[in-house]
Amino acid sequence: MLAIKKILFPCDLTPHSSRILKYALALAEPFGSRICILHVVQDLRIWAGLYMPHKNLGLEQGEVVAHAQQSLTQFCLDIPAARENAEKRVVSGEPADEIITFVQKEGADLIVMGTHGRKGIEYSLFGSVAAKVVRFSPVPVLTVNPETLSVN
């Protein structure tokens with residue numbers, strides 16, 4: 001029998017995230033799975049070569065992570081099942097890499113994540129975290145288009 005003990009939900013905290021989380025929670029219920037909500041904060045040090053007067057990127061990164069942790073906690077308050085049953089994590093780095101690293105180090109049986117469905121030049125400019133995760137994930141990835149998802 002298929003055992004899905006832990007589901008990773010990479011969350012970008014956009015307005016569509018709550019719909020995708022509800023979907024992941026609905027998938028977890030029949031398996032009795034745990035949900036881990038992971039938010040990845042882009043590491044500001046990638047911009048360190050740019051001149052930014054009177055700013056210390058090390059301190060700024062800490063502030064961004066602290067704010068992301070508060071935002072993730074607030075995000076989960078609106079969804080009782082997430083508030084009660086989900087593990088919440090905030091990490092810094094490149095999102096796709098950090099998602100894969102989490103699965104390799106912490107373990108997960110399934111990743112449920114949203115996709116924006118970008119195409120053409122928009123995809124070329126912004127890339128796709130979901131596409132990178134699908135390509136390199138050691139576990140199955142369920143991508144969900146939040147625009148077409150009907151979850152109450």
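Everything below is about the structure shown above.
What you are looking at is a predicted structure, and each value in this text was computed from that prediction instead of being measured.

### Section: the sheet that holds strand β3 (residues 86–92)
What the five strands build is an open sheet, ordered β3-β2-β1-β4-β5; its pairing is parallel. Of all the strands in the sheet, just β3 and β5 (141–144) have a single pairing partner and so form its edges. On average, each strand axis in the sheet is tilted by 20° relative to the strand beside it, whichever way the strands run. For strand β1 (residues 6–10) and strand β4 (residues 110–114), the ladder comprises two bridges, and the chain directions are parallel. Looking across to β4, one finds that L8 is bridged to I111. Along the sheet, helix α6 (residues 129–136) contacts β4 and β5; its crossing angle with β4, the most-contacted strand, is approximately 160°.

### Describing the pairing of strand β2 (residues 34–41)
Summarising burial for β2: seven of the eight residues are buried, a large majority. Where β1 and β2 come together, five bridges link them in parallel fashion. What sits directly across from I7, in β2, is I35. In this fold, the crossover linking β1 to β2 by way of helix α1 (residues 17–31) has right-handed handedness. Note: β2 against β3, seven bridges, orientation parallel. The residue bridging I35 from the neighbouring strand is A86, located in β3.

### Concerning the environment of V133
Among the secondary structure elements, V133 is positioned in helix α6. Owing to a relative accessible area of 0%, V133 belongs among the buried residues under this scheme. In this structure, the C-alpha to C-alpha distance between V133 and E98, residues 35 residues apart in sequence, is 9.6 Å. Residues within four places of V133 in sequence aside, it is in contact with A96, I99, I100, I111, M113 and V141.

### Remarks on the pattern of salt bridges
A pair can form between side chains of opposite charge whenever their charged atoms are brought close. For the structure on display, the rule yields three salt bridges. With a closest N to O distance of 2.8 Å, R89 and E87 form a salt bridge. What makes R89 partly exposed here is its relative accessible area of 27%. For R89, the salt bridge identified is with E106, shortest N-O distance 3.2 Å. You can see R89 sitting in strand β3 and its partner E106 sitting in helix α4 (residues 95–106), a full 17 residues away along the chain. One salt-bridge network, in which partners are shared between bridges, spans R34, E87, R89 and E106.

Definitions and limits used
Residues numbered from 1 in each chain as written. Predicted model: local features only at pLDDT ≥ 70, side-chain atom pairs only at ≥ 80, totals over all residues. Heavy atoms only, no water. Pairing = 2+ DSSP bridges. Helix = DSSP H or I, 4+ residues; strand = E, 2+ residues; numbered from the N terminus. Axes fitted to C-alpha atoms, helices over the stretch in contact; angles between N-to-C directions. Contact = heavy atoms within 4.5 Å. Buried < 20%, exposed > 50% of the residue type's maximum accessible area, 1.4 Å probe, protein only. Right-handed = clockwise from strand over helix to strand, strands pointing away. Salt bridge = Lys/Arg side-chain N within 4 Å of Asp/Glu carboxyl O.

Interpretation in functional terms is not warranted from these geometric data alone.
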